[in-house]
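The chain contents come next:
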Amino acid sequence: MNTGSDRGTNESADEESAVRATEATEGAEAAEEAPHVSKAPAFIKARRSLHLSWQVGVFVVGLAVIAAGVAMLVLPGPGWVAIFAGLAIWATEFAWAHLVLRWTKRKVTEAAQKALDPKVRRRNIILTSVGLVIAGALIGFYLWKYGLVLPWNLKDQ
């Protein structure tokens, strides 16, 4: 390994940085293609029963986080964030969850790029505006036809 103390010119530094960049790119590609490996500590992986218990624990914790996320889809809270967090917890231990998480990240990135397209943004703004106008017209018609009677002013009880 070159520590940098014997560099004579800037060319060798440029070559070395180019080699490092190439190695980093190859390392990232290899890490993406490498088979999934458990993130459990070594002493847990050494014993089969302990590792199985670890996997069950990771599964239960991930399932609880995902269940909370599903509940937060209809209740107040960051539902999708919790679902993705639970999937990330599962991805630390299970190869299938790692693949699903990677696919999900790719799809979310594609959707974000598509949403930034000016044509799509314009269409979404127009559709939202039309929807708000229709909703306003319906609410206005209802109020014109039936009026606004507040619950504490009801006399027919």
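Look above for the structure.
Presented here is a report on the structure given in the accompanying data block. (Residues numbered from 1 in each chain as written. Predicted model: local features only at pLDDT ≥ 70, side-chain atom pairs only at ≥ 80, totals over all residues. Heavy atoms only, no water.)

### So, the overall build of the protein
Working step 1: Helix and strand counts for the protein stand at 6 helices and 0 strands.
Working step 2: Ordered by position in the sequence, the α and β elements of the protein form the string α-α-α-α-α-α.
Working step 3: Sorting the 157 residues of the protein into buried and exposed places 15% on the buried side.
Working step 4: Of all intrachain contacts in the protein linking residues separated by at least 6 positions in sequence, the fraction that spans at least 24 positions is 41%.
Working step 5: Just so you have it, the protein exposes about 12600 Å², and 67% of that area is on carbon and sulfur atoms. (Helix = DSSP H or I, 4+ residues; strand = E, 2+ residues; numbered from the N terminus. Buried < 20%, exposed > 50% of the residue type's maximum accessible area, 1.4 Å probe, protein only. Contact = heavy atoms within 4.5 Å. Areas by Shrake-Rupley, 256 points an atom, 1.4 Å probe, with all protein chains shown as cover.)

### Observations regarding the packing of helix 3 (residues 48–74) against helix 4 (residues 79–91)
Working step 1: Axis separation between helix 3 and helix 4 bottoms out at 7 Å; the angle between their running directions is 165°. Accordingly, the angle class assigned to the pair helix 3 and helix 4 is roughly antiparallel. In this structure, helix 3 meets helix 4 at a crossing whose hand is left-handed. On helix 4, the residues touching Val 58, Phe 59, Val 61, Gly 62, Leu 63, Val 65, Ile 66, Gly 69, Val 70, Met 72 and Leu 73 of helix 3 are Gly 79, Trp 80, Ala 82, Ile 83, Ala 85, Gly 86, Leu 87, Ile 89 and Trp 90.
Working step 2: Considering only residue class, the contact of helix 3 with helix 4 consists of 16 nonpolar, 4 polar and no charged. (Axes fitted to C-alpha atoms, helices over the stretch in contact; angles between N-to-C directions. Parallel < 35°, antiparallel > 145°, perpendicular 65-115°, else oblique. Left-handed = near helix turned anticlockwise from the far one by under 90°. Nonpolar A, V, L, I, M, F, W, Y, C, P; charged D, E, K, R; others polar.)

Nothing here speaks to function; it is all geometry.
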